[in-house]
Amino acid sequence: MKHFSRWEFLKSTGAAVLGSALPLSMVKVAFGAKGSGEAFHFGYISDAHIQHLKGADFVRNWDRGLIRAVQEANLLTPKPDFFFFGGDLAQLGTKEEIDHGLEIMSKLRGKVHYVMGEHDYYLDLGEHWEMKLGPQHYSFDHKGVHFVVLNSILTHDKWTHRPWPTPMDRMKAMARLDNPDGSPFLVGEKQRAWLKQDLDKVDKNVPLIVCSHSPLQKIFAGWNFWTDDAEQVQELLKPFKKVTVIYGHVHQIQYQQIANISLHAVMATAWPWPYPKSYTQAKNTLPVLTVPMNRADPFFERDATGWQFIDWKTGHAAMHYQLPNNKDRVVAFNRKSGRLEDLRYQNPKNRIPPQDHF
């Protein structure tokens, strides 16, 4: 397995940029469908949470996180075929936040495919987003690979359309991390029907990459790291030989293997979340992940943020993490075991003690 370095992708730049470490994913798809023979790259930026203060003022730290990610992305060599933005461009879904985030993203040199996050949606139910960016879910083909973008942060109509005092009350209820008055995320029946129709047209040997905001699995209900109809979506994906799901939302390193589906989180440009296992206000409901995250310090602003390169060789994603304040790590698909494995920490004896002081 080839080891990636930022130098390989940023060799045209100088030490100041190389010394930075903002969350940006670079995906290398080595092989598309059989016979396509075309390798390509795409970039992935997620979870900027641009927050408006007043007038022309925005929360500087999160604003600057996205600005730096875009700057570094523009220096990538080879140049990606396109980029994804993985959702939560805004913090409270206002026009000012979305427009400011899109203005920053407009400096990115290349086409961008957008995924909707809950922070982009629950103020006006996606109205401004759709006016600016188009449909909330869609698919496309690129060099022998079928891409699907889902809106996975929908929820039950009775919650969405309850008599909220204001739309902002609804937005703030869904924006809270512990979400006591929230509702679980859904892809939803209508979108699942669309997905089935879309996938019925695709040969099952064609590699499939699905981009969602929330994880298409059930990780931690207390923080809504959870998609309530995940199993129903997974059933639609399982007939395909090579399936990778890439998601944001969780602001941390995560990876999981469910049958033939590899699920990978991308890190946020805004801030990292502590691992939910350390969250003491709710009973821990975490399933056993393929590999524990074992992140370092949840109080350090940029811990668990950095570069991650995704090598999609043979259709099974391998994550190469470069973490400036932690040890680099690689998570790759092991053909013998049939699952993703951490090349350094798969053996429990090699794992660092997880933080439990949050």
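Attention here is on the structure that accompanies the text.

**A look at the environment of Ala-90**
In this fold, Ala-90 is placed in the loop between strand 5 (82–85) and helix 4 (95–105). With 38 residues separating them along the chain, Ala-90 and His-52 place their C-alpha atoms 8.7 Å apart.

**A look at the pairing of strand 13 (residues 255–258)**
Two strands pair when backbone bridges link them, and strand 13 and strand 14 (residues 261–265) are joined in this way by four bridges, in the antiparallel orientation. From the neighbouring strand, Ile-258 faces strand 14, where its bridge partner is Ile-261. The antiparallel hairpin formed by strand 13 and strand 14 contains two residues in its connecting segment, where Ala-259 sits at a positive phi of about 55°.

**As for the pattern of salt bridges**
Where charged atoms of side chains with opposite charge meet at close range, the side chains can pair. What the rule picks out here adds up to seven salt bridges. With a closest N to O distance of 2.9 Å, Lys-143 and Asp-81 form a salt bridge. Taken together, the residues Lys-143 in the loop between strand 7 (138–142) and strand 8 (145–149) and Asp-81 in the loop between helix 3 (60–73) and strand 5 connect sequence positions 62 residues apart. A residue is classified by how much of its surface remains accessible, and Lys-143, at 28% relative accessible area, is partly exposed. The shortest N-O distance in the salt bridge between Lys-218 and Glu-231 comes to 3.3 Å.

**Observations regarding the layout of surface pockets**
One number sums up the size of the largest pocket: a volume of about 480 Å³. What lines the largest pocket is a set of 21 residues, among which Leu-154, Thr-155, Asp-157, Val-187 and Gly-188 lie closest to the centre. Mapped onto the lining of the largest pocket, the elements with two or more residues apiece are helix 7 (157–160) and helix 9 (189–200). Among the elements that line the lining of the largest pocket, the one with the most residues is helix 9, at four residues.

**Quick notes on the nonpolar core**
In terms of nonpolar packing, the biggest core is built from 36 residues, with Leu-66, Phe-85 and Met-105 touching the most fellow members. Breaking this core down by element, the ones donating at least two residues are helix 3, strand 5, helix 4, strand 6 (112–114), helix 8 (167–175) and strand 15 (307–311). What Leu-66 contacts, discounting residues up to four positions off in sequence, is Ile-45, Ala-48, Ile-50, Phe-85, Leu-89, Gly-101, Ile-104, Met-105 and Thr-269. Counting residues in each nonpolar core, the second largest holds 28 residues, with Val-148, Leu-199, Val-233 and Trp-271 among its members.

What counts, and where the lines are drawn
- In this convention, every chain numbers its residues from 1, walking through the sequence in written order.
- With pLDDT at 70 or above as the cut-off, local features in this predicted model cover only qualifying residues; side-chain atom pairs require 80 or more to be listed or tallied, and sums for whole chains, interfaces and linings still use all residues.
- Only hydrogens and water are removed before side-chain values are computed, so all heavy atoms of the structure are retained for them.
- The secondary structure listing takes helices from DSSP runs of H or I that are at least 4 residues long and strands from runs of E that are at least 2 residues long, numbered from the N terminus.
- Strand pairing is assigned whenever DSSP detects at least two bridges linking the two strands.
- Any Lys or Arg side-chain nitrogen located within 4 Å of an Asp or Glu carboxyl oxygen qualifies as a salt bridge.
- Under the scheme applied here, a residue whose accessible area is under 20% of the maximum for its type counts as buried, over 50% as exposed, and between as partly exposed, the area being computed with a 1.4 Å probe on protein chains only.
- Whether a set of points on the 1 Å grid over the protein atoms alone is a cavity depends on a 1.4 Å probe fitting there but being unable to get out, while an open set qualifies as a pocket with protein on both sides within 12 Å along at least five of seven lines; lining residues are those with an atom within 4 Å of a point.
- Grid points are joined across faces, edges and corners, and a volume is the space filled by probe spheres set on the points.
- Side-chain atoms within 4.5 Å link the members of a nonpolar core, which is a set of buried Ala, Val, Leu, Ile, Met, Phe, Trp, Tyr and Cys residues.
- Two residues qualify as a contact provided that any one of their heavy atoms is within 4.5 Å of a heavy atom in the partner residue.

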